[in-house]
Amino acid sequence: QVQLVESGGDLVQAGGSLRLSCAASGGIISVNAMGWYRQDPGKQRELVALATTTGSAPLYSDSVKGRFTISLDAAKKSVHLQMNNLNPDDTAVYYCKMTARTPPAFNLGDFWGQGTQVTVSS
């Protein structure tokens, strides 16, 4: 069973920083990509940042460019999100997503973590 566990969510003041971490475990053959999404109540889940193992540059949403940095360690099946200069609009539940190949058929699948709450006070 593949599991993703996020950590690092917290309450922080505007202008502050947080570092989110996500570690995957279970039957994983290879990681293709790991990323972070966020969701406010009543809104759709949106992409925040995505990193792949293909050599492509990380992808960021326009709202976090220049403030957030994603780092992927495919060998350790982990991804981190350094979030700087946070503002109240960044308040949301942040979810880790992994795209990976799993046994027995080497199929490519998407896996999600349970989410971690980030709250930014003004």
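In this text the structure is predicted, and so the values were computed from the model without any measurement. (Residues numbered from 1 in each chain as written. Predicted model: local features only at pLDDT ≥ 70, side-chain atom pairs only at ≥ 80, totals over all residues. Heavy atoms only, no water.)

> Hey, could you run me through the side chain of Thr99 in this one?
Along the chain, Thr99 turns up in strand S9 (residues 92–102). With relative accessibility at 18%, the residue Thr99 sits in the buried group. (Helix = DSSP H or I, 4+ residues; strand = E, 2+ residues; numbered from the N terminus. Buried < 20%, exposed > 50% of the residue type's maximum accessible area, 1.4 Å probe, protein only.)

> Explain the environment of Leu11 here, please?
Relative to the helices and strands, Leu11 resides in strand S2 (residues 11–13). A relative accessible area of 59% means that Leu11 is categorised as exposed. It is 7.3 Å that separates the C-alpha atoms of Leu11 and Ser121, two residues lying 110 residues apart in sequence. Every residue in contact with Leu11, bar those within four places of it in the chain, is listed here: Thr119 and Ser121. (Contact = heavy atoms within 4.5 Å.)

> I keep staring at the state of the cysteines and nothing clicks. Help me out?
A covalent bond bridging the sulfur atoms of two cysteines is what the word disulfide describes. Under the counting rule described, the total for this entry stands at 1 disulfide. Disulfide pairing places Cys22 opposite Cys96 at an S-S distance of 2.1 Å. When the S-S torsion is -80 degrees, as for the bridge of Cys22 with Cys96, the disulfide is left-handed. Note that Cys22 is positioned in strand S3 (residues 18–25) and Cys96 in strand S9, a separation of 74 residues in sequence. As far as burial versus exposure is concerned, Cys22 and Cys96 are alike and both buried. (Disulfide = S-S within 2.5 Å.)

> Where do I start with the packing of aromatic side chains in this structure?
Describing an aromatic ring pair means giving the distance of the ring centres and the angle of the ring planes. As enumerated under the stated definition, the model contains 1 aromatic pair in all. Taken together, a centroid distance of 5.0 Å and an interplanar angle of 65 degrees make the contact between Tyr37 and Trp112 edge-to-face. Of this pair, Tyr37 sits in strand S4 (residues 30–39) while Trp112 sits in strand S10 (residues 107–112), and the two are 75 residues apart along the sequence. Between Arg45 and the ring centre of Tyr95, over which it is positioned, the NZ or CZ distance is 3.6 Å. If you follow Arg45 out to its NZ or CZ, it ends over the ring of Trp112, 4.7 Å from the centre. (Phe/Tyr/Trp six-rings, centres within 6.5 Å; stacked < 30°, edge-to-face > 60°. Lys NZ or Arg CZ within 6 Å of the ring centre and 35° of its normal.)

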